[in-house]
Amino acid sequence: MGTYEYKGRIEFVFEILAFAQYGERRVDFVVSLEDVKISPQLDHELGFITVSIGGCKDVMNISCTGETSRTDAIAGWYNRPLFNPIIATSVDNSGSAPYSTVDMTAVTTITVEYRDGLTVPFTEPIAATRARFDSAGGPIGSAPQHGSVFRDYAPTLQLDRRPGSDHRQEAIHVDDALNNTNRTFPSFAGKAPPGAVGGGRPLHRLMGTRSDANRLEARKVCMDVWGSNYATGGLQCDEYPFAVTYEGAAMSTAGIGCGDSSEPVNANWRNWHGSARPIDGNHNSRGGSLLSALFRTNRVLDCDEFYVNIVR
């Protein structure tokens, strides 16, 4: 019968940095195992550590160069803590339609051994790096044709409501929608629009022409509350959640979520967890430009998550 007895410790600091390259279907990994220590009562020549990064090699449409697995003794890690750089690339225009996407999950596993013939090795997956390569090009604006992003990162749109902001009315409207629903329309008890940073309920980008249905449904709010002349004086009907999200007025009230290609039928703005109001057209346009820039620089595709933060 086996027994358990404490013999000592093997300690280290593991670091992995990953960089998605802008304009390339490429992710670079920098991996290190530093400050390796072994308890003085143990024989350092019997201590071994293995670091393996799986999910990169032998994956369709992905090729990987560099040191994806290494086993070394304590002294070996101490003398050479850095791996040879790992570079994962994906062939341009390869992958799933409509944006030629290829997903990669690189799982890092560490095994610690004390090779005395008695001690059982300890193995644990300690990190998962999820990347996506795409060739979306035109649909996300003036961004490069190809690119890479990390799927676990949801970008945040920053809207500035401070005096002097060139989109202040947009920011105030979104702030009210998220934090002062009593000031917004449609009005009903329990309304709770999503999208606030830190709130755990992201917005999801909607690509394609169905955003037009969201705009038309949101304008019904402006018409109902402010009348048919709501645009007098250069105003525009602004909506939050934005028309280019699945949380927009028509899509959400028709029950259409990510992955559903249906057209919105029986949408009802009165049940919308959102807000529409007339605001200065220039402020509305500037807010839209900021949102487009967020999508472009972060390669936000259909159903991708993002949040909104109000700067005060």
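Above: the structure in question.
Basis of the calculations
Residues numbered from 1 in each chain as written. Predicted model: local features only at pLDDT ≥ 70, side-chain atom pairs only at ≥ 80, totals over all residues. Heavy atoms only, no water. Helix = DSSP H or I, 4+ residues; strand = E, 2+ residues; numbered from the N terminus. Rg over C-alpha atoms; globule rule 2.2 N^0.38 Å. Buried < 20%, exposed > 50% of the residue type's maximum accessible area, 1.4 Å probe, protein only. Contact = heavy atoms within 4.5 Å. Lys, Arg positive; Asp, Glu negative; His and termini not counted. Charge placed at Lys NZ, Arg CZ, Asp CG, Glu CD. Core = buried A, V, L, I, M, F, W, Y, C linked by side-chain atoms within 4.5 Å. Disulfide = S-S within 2.5 Å. Axes fitted to C-alpha atoms, helices over the stretch in contact; angles between N-to-C directions. Parallel < 35°, antiparallel > 145°, perpendicular 65-115°, else oblique. Nonpolar A, V, L, I, M, F, W, Y, C, P; charged D, E, K, R; others polar. Salt bridge = Lys/Arg side-chain N within 4 Å of Asp/Glu carboxyl O.

*Asks:* Would you explain the overall build of the chain in this entry?
*Replies:* Each helix and strand in the chain was counted, giving 5 helices and 14 strands. The C-alpha radius of gyration of the chain comes to 26 Å, more than 25% above the 20 Å expected for a compact globule of 312 residues. For the chain, the spread of C-alpha atoms along the principal axes amounts to about 85 × 45 × 40 Å. When the 312 residues of the chain are sorted by exposure, 43% land in the buried category. Of the contacts made within the chain by residues no fewer than 6 positions apart, 70% connect residues no fewer than 24 positions apart. Within the chain, the 36 negative side-chain charges are centred at a point lying 6 Å from the centre of the 29 positive side-chain charges.

*Asks:* Teacher, can you tell me more about the nonpolar core here?
*Replies:* Here is a general trend for soluble globular proteins: nonpolar side chains tend to be buried in one another's company. The biggest cluster of nonpolar side chains holds 28 residues, and the ones touching the most others in it are Phe-29, Leu-33, Ile-49, Val-51 and Met-104. When contributions to this core are tallied by element, the ones reaching two or more residues are β1 (10-20), β2 (26-38), β3 (47-54), β4 (62-65), α1 (74-79), β6 (86-90), β7 (102-114) and β8 (122-134). With residues up to four places along the chain from it excluded, the contact list for Phe-29 reads Ile-16, Leu-17, Ala-18, Pro-85, Ile-86, Ala-88, Met-104, Ala-106 and Thr-129. The next biggest cluster of nonpolar side chains, apart from the first, holds 17 residues, and it includes Phe-242, Val-244, Phe-295 and Phe-306.

*Asks:* Just checking my understanding: could you explain the state of the cysteines for this structure?
*Replies:* Where two cysteines share a covalent bond between their sulfur atoms, that bond is called a disulfide. Counted according to the given criterion, the structure contains 2 disulfides. A sulfur-sulfur distance of 2.0 Å marks the disulfide that ties Cys-56 to Cys-64. With the S-S bond torsion at 100 degrees, the cross-link from Cys-56 to Cys-64 turns out right-handed. A residue is classified by how much of its surface remains accessible, and Cys-56, at 1% relative accessible area, is buried. The buried category is assigned to Cys-64, whose relative accessible area is 14%. A disulfide bridge connects Cys-222 with Cys-237, and the sulfur atoms are separated by 2.1 Å.

*Asks:* Looking at this structure, I do not really get unusual backbone geometry. What am I missing?
*Replies:* Keep in mind that most residues, glycine aside, have a negative phi and that most peptide bonds are trans. A cis amide bond links Ala-97 with the next residue in sequence, Pro-98, at an omega value of 5 degrees. Backbone torsion omega between Tyr-240 and Pro-241 reads -5 degrees, so that peptide bond is classified as cis. Looking at the element boundaries, Pro-241 is found in the loop between β12 (235-240) and α4 (249-253). In this structure, Asn-266 is a non-glycine residue whose phi angle is positive, near 60 degrees. Inspection of the secondary structure assignment puts Asn-266 in the loop between α4 and β13 (275-280). Residue classification places Asn-266 among the exposed positions, given a relative accessible area of 68%.

*Asks:* Would you explain the packing of helix α2 (residues 168-179) against helix α5 (residues 281-297) in this entry?
*Replies:* Two measures define how a pair of helices packs: the angle their axes make with one another and the distance between the axes. For the pair α2 and α5, the least separation of the axes is 7 Å and the interaxial angle reads 75 degrees. Judged by the inter-axis angle, α2 sits roughly perpendicular to α5. Touching Arg-168, Gln-169 and Glu-170 of α2 are His-283, Asn-284 and Gly-287, all from α5. Grouping the constituent residues of the contact of α2 with α5 by class yields no nonpolar, 4 polar and 2 charged.

*Asks:* So what exactly am I meant to see when it comes to the pattern of salt bridges here?
*Replies:* Taken as a whole and assessed by the stated rule, the structure comprises 19 salt bridges. Its salt-bridge partner being Asp-72, residue Arg-70 comes within 3.1 Å of it at the nearest N-O pair. According to the relative accessible area criterion, Arg-70 is buried, its value standing at 5%. Judged by its relative accessible area of 23%, Asp-72 is partly exposed. A salt bridge links Asp-134 to Arg-299, with the nearest nitrogen and oxygen atoms 2.7 Å apart.

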